[in-house]
Amino acid sequence: MSKQDSSAGFDCRVAFADELAALALTDPRIVAVCNDSVGSSNLVAFRQAFPERLVNVGIAEQNMVGVAAGLANGGLRPFVCAAAPFLTGRALEQIKADIAYSDFPVVLCGMSPGMAYGELGPTHHSIEDLAWLRAIADLAVIVPADPVETRAAMRWAVGANRPCFLRIGRTKVPAVSPEGQAFELGRAVVLRGGADVTIVAIGTMVSRALDAAERLAQLGIQARVINAASVKPLDETTILAAARETRGIVTVEEAVVQGGLGSAVAELVSQVHPTPMRIIGVTGFAPTGSASYLFEHFGLTAANIAERAQELLRAH
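These numbers come from a predicted model, not from an experiment.

K.L.:
Any details on the overall build of the protein? Residues and values, ideally.
P.N.:
Broken down by element type, the protein carries 12 helices and 12 strands. The C-alpha atoms of the protein give a radius of gyration of 19 Å, which matches the 20 Å a tight globule of 316 residues would have. Counting only C-alpha atoms, the protein reaches 60 × 40 × 40 Å along its principal axes. Classification of the 316 residues of the protein by burial places 59% in the buried group. Considering only intrachain contacts with a sequence separation of at least 6, the fraction spanning at least 24 residues in the protein is 76%. Here the protein displays about 12200 Å² of accessible surface, and carbon together with sulfur accounts for 51% of that area. If the 26 positive side-chain charges of the protein are averaged to one point and the 31 negative ones to another, these points end up 1 Å apart.

What follows is the structure in structure tokens.
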């Protein structure tokens, strides 16, 4: 099993690779399908252990998803592993028609999503994926926050017998989930209580939301923090409770502000219990630069999350 330096945070791709190999040991249905991305998808160990269960189609994303659909139709459980911008952008039609519409149990794994490939520029940023995939019926969209949640979501996906998309982060994150915590589709996790304002976050932004809540606490503001890893379906009960019990909601995601987590929350509360909101995310095309630079550029920081929460409270 791979080891990580926890002091620097965790790369969820490592947890993904370890869990995939562990699942494959006990479930002969599990296969991996990739687009010449064995290294970047951390599939080297899987290939060594299960050479006959890795299908590398080359740089042909549409074909990759079609092959996975065929394997699923034959009774296997494919994990499709590819850089998120190419999996979701180039193969969107196949995801819609071959996987979701056909209701095949394929696990689509968007590797290194968001702006993790920062220096490679806009072609490699995967910031529209949540908006694209939320629009496809019957496709679950899941954004784990740390290695524990990544592993739990993978275990859930194998038994779910339905199509789903997992965003597997590359940017190192601290652990925010207790060991052994199970993943449940449609359930958010309240990581911190608070009655003044709510911060709803996913993926790399969950730990930053917790840091923002600490900053707010020093100012006497109690912020509730919700990890909404199940972006679709959303945990309506938990989100609506936050709308009723706090003065407003701030959402934060490493994705465009149109169509993703913030939009999902706004769609819900606007129709059931309108509440003031602030949506923090990427606006427009993201430039070229390191992931840390891009987080600062778009205000995906604990300091800005805390400031936007204060701004909401001042206005309402």
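K.L.:
Outline the environment of glycine 284, supporting the account with residue identities and numerical values.
P.N.:
On the secondary structure map, glycine 284 appears in the loop between β12 (277-282) and α11 (291-297). Judged by its relative accessible area of 49%, glycine 284 is partly exposed. Between the C-alpha atom of glycine 284 and that of alanine 100, which follows or precedes it by 184 residues, the distance is 28 Å.

K.L.:
Would you mind going over the pattern of salt bridges in detail, with residue names and values included?
P.N.:
As enumerated under the stated definition, the model contains 14 salt bridges in all. For the salt bridge of glutamate 307 with arginine 314, the shortest nitrogen-to-oxygen distance reads 2.8 Å. Take glutamate 307: its relative accessible area is 34%, and that puts it in the partly exposed class. Here the residues in one salt-bridge network are Asp18, Glu19, Arg151 and Arg155, joined through shared partners.

K.L.:
If you had to explain empty space enclosed by the protein to someone new, which residues and values would you point to?
P.N.:
In this approach a probe as big as a water molecule rolls over the atoms, and the regions it shows empty are the leftover space. Here the structure, examined in full by the defined rule, presents two cavities of 30 Å³ or more. Roughly 120 Å³ of internal volume is contained in the largest cavity. Class assignment of the residues belonging to the lining of the largest cavity gives a composition of seven nonpolar, four polar and three charged. Computed from the structure, the second largest cavity encloses a volume of approximately 80 Å³. Around the second largest cavity, the lining comprises 13 residues; the ones closest to its centre are Glu149, Gln181, Ala182, Phe183 and Val189. Element by element, the count of residues in the lining of the second largest cavity is highest for helix α7 (residues 147-160), at three residues. Of the residues in the lining of the second largest cavity, the class split is seven nonpolar, three polar and three charged.

K.L.:
Any details on the pairing of strand β9 (residues 223-227)? Residues and values, ideally.
P.N.:
A regular strand places its side chains on the two faces of the sheet in alternate fashion. Across the five residues that make up β9, a large majority, five, are buried. Side-chain alternation along β9 places Ala223, Val225 and Asn227 on one buried face and Arg224 and Ile226 on a second face that is also buried. Where strand β7 (residues 189-192) and β9 come together, three bridges link them in antiparallel fashion. Across the sheet, valine 190 pairs through a bridge with isoleucine 226, a residue of β9. By the bridge criterion, five bridges tie strand β8 (residues 197-201) to β9 in an arrangement that is parallel. In the strand pairing of β9, isoleucine 199 is matched with valine 225.

K.L.:
Mind laying out the packing of aromatic side chains, listing which residues take part and the relevant values?
P.N.:
What the rule picks out here adds up to three aromatic pairs. Taking the centre distance of 5.1 Å and the plane angle of 45 degrees together, the rings of phenylalanine 46 and phenylalanine 50 count as tilted. By the burial criterion, phenylalanine 46 is buried, and phenylalanine 50 matches it.

Criteria and thresholds
Residues numbered from 1 in each chain as written. Predicted model: local features only at pLDDT ≥ 70, side-chain atom pairs only at ≥ 80, totals over all residues. Heavy atoms only, no water. Helix = DSSP H or I, 4+ residues; strand = E, 2+ residues; numbered from the N terminus. Rg over C-alpha atoms; globule rule 2.2 N^0.38 Å. Buried < 20%, exposed > 50% of the residue type's maximum accessible area, 1.4 Å probe, protein only. Contact = heavy atoms within 4.5 Å. Areas by Shrake-Rupley, 256 points an atom, 1.4 Å probe, with all protein chains shown as cover. Lys, Arg positive; Asp, Glu negative; His and termini not counted. Charge placed at Lys NZ, Arg CZ, Asp CG, Glu CD. Salt bridge = Lys/Arg side-chain N within 4 Å of Asp/Glu carboxyl O. 1 Å grid on protein atoms, 1.4 Å probe; cavity = no way out; pocket = protein on both sides within 12 Å on 5 of 7 lines; lining within 4 Å. Points joined across faces, edges and corners; volume = space filled by probe spheres on them. Nonpolar A, V, L, I, M, F, W, Y, C, P; charged D, E, K, R; others polar. Pairing = 2+ DSSP bridges. Phe/Tyr/Trp six-rings, centres within 6.5 Å; stacked < 30°, edge-to-face > 60°.

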